[in-house]
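# A closer look at the structure
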Amino acid sequence: MSGENKRDAARRRIAEKRAAEAAARAAAERRRRTVIGGVVAAAVLVVALVVVVVVQTQRTSTAADAGAPAGTVADSTAFPVGDAGAPVTVTVYEDFQCPVCRSFEEANGDTLDQLVADGEIVLQYRPVAILDRFSTTDYSTRALNAAAVVADEAGIDAFEQFHDLLFADQPAENGPGLSDDQLIDYAAQAGATGEAVEQGITELRFEDWTAQVTEAFSQAGMTGTPTVLVDGEPLDNGTQLTPQGITAAVEAAAQP
């Protein structure tokens, strides 16, 4: 889901409609009343506009200050796997609904794990939710929220296991996606259990944060997943998203 979430969009439309109605009423009042009455009506209009500005400012502040799950790094948008002091950073943007991301994980997951185990890279997962339109239940958002809950409650190792489970059982596009109960079950398999986990998943604890990281992805000019960066340099999706291509890029980045 790119840009503002549905709830914020609805609030914005309502605020704009009310502001327009207030302006129309104020204009009619000015036509009917004396100059003094017109001044009063103008003052009402100013107040109405200030209210709209305040509402918009509060909404923007809420999105900007959305609570992030524990353990995230890089402006609270990335889940780090491996030694933070590794010489090379590999960043992977994915959407849990993205079938190409699943193919990427199947082809390259073992290579990334080995590079992490050898201390050659720190792997930063930056999942986003850009594919809600391919689900009848906003699955991209629900899955990312659930992954954030798992990380928040049980740590990065649990997040990584949950990440792998979601791609292993990725639902078909244009359907409902995995249910909340299925997400809770996979969370438990990854080591995240308890009432807080269940509530966090069903009540979308990190919905605002999910919208925030997805918007940041779009504002950075990225349009598709998977997107992979090695020390900030994007890899070519056509030729470099292979075990050999990733390994070569990491080796090149590690050179002094």
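What follows concerns the overall build of the protein chain. Helices and strands together make up the secondary structure of the protein chain, namely nine helices and five strands. Each helix and strand of the protein chain, ordered N terminal to C terminal, gives the series α-α-β-β-α-β-α-α-α-α-α-β-β-α. Among the 256 residues that make up the protein chain, the fraction classed as buried is 44%. Of the contacts made within the protein chain by residues no fewer than 6 positions apart, 75% connect residues no fewer than 24 positions apart.

Turning our attention to the pattern of salt bridges. Going through the model one piece at a time under the given rule, you end up with four salt bridges. Between Arg102 and Glu106 there is a salt bridge, and its shortest N-O distance comes to 3.2 Å. Taken together, the positions of Arg102 and Glu106, both in helix H3 (residues 99–117) and four residues apart, correspond to about one turn of that helix. Here Glu106 falls in the exposed class, since its relative accessible area comes to 56%.

A separate point is unusual backbone geometry. Here the residue pair Thr225 and Pro226 is connected by a cis peptide bond, since its omega of 0 degrees sits within 30 degrees of zero. With respect to the element layout, Pro226 can be found in the loop between helix H8 (207–219) and strand S4 (227–230). Phi at Ser76 is positive, roughly 60 degrees, even though this residue is not glycine. With a phi angle near 65 degrees, Asn174 is a residue other than glycine that sits in the positive phi range. Its place among the elements puts Asn174 in the loop between helix H5 (156–168) and helix H6 (180–190).

So, on to the packing of aromatic side chains. Scanning all chains against the criterion turns up six aromatic pairs. Measuring from centroid to centroid gives 5.3 Å for Tyr93 and Phe217, while their planes differ by 50 degrees, and the two rings are tilted. One end of the pair, Tyr93, is in strand S2 (residues 88–94); the other, Phe217, is in helix H8, with 124 residues separating them in the sequence. On the accessibility criterion, Phe217 (2% relative accessible area) is buried. Judged by centre distance (6.4 Å) and plane angle (75 degrees), the ring pair of Phe206 and Trp209 falls under edge-to-face. Trp209 shares its class with Phe206; the two are buried. Among the aromatic residues, ring-to-ring pairing joins Phe79, Tyr125, Phe159, Phe206 and Trp209 into one connected group.

Taking 1.5 Å of rise per residue, 12 residues should cover 16 Å, and helix H9 (residues 243–254) covers 17 Å from first to last C-alpha, within 8% of that figure. Those residues of H9 that fall on the buried side of the exposure criterion are Gly245, Ile246, Ala249 and Val250. For H9, the arc enclosing every buried residue in end-on projection is 130 degrees, short of the 170-degree limit, so these residues lie on one face. For H9, the exposed residues lying more than 90 degrees away from the buried face are Gln244 and Ala252.

Rules and cut-offs
Residues numbered from 1 in each chain as written. Predicted model: local features only at pLDDT ≥ 70, side-chain atom pairs only at ≥ 80, totals over all residues. Heavy atoms only, no water. Helix = DSSP H or I, 4+ residues; strand = E, 2+ residues; numbered from the N terminus. Buried < 20%, exposed > 50% of the residue type's maximum accessible area, 1.4 Å probe, protein only. Contact = heavy atoms within 4.5 Å. Salt bridge = Lys/Arg side-chain N within 4 Å of Asp/Glu carboxyl O. Phe/Tyr/Trp six-rings, centres within 6.5 Å; stacked < 30°, edge-to-face > 60°. Expected span 1.5 Å × (residues − 1). Arc of directions from axis to C-beta.

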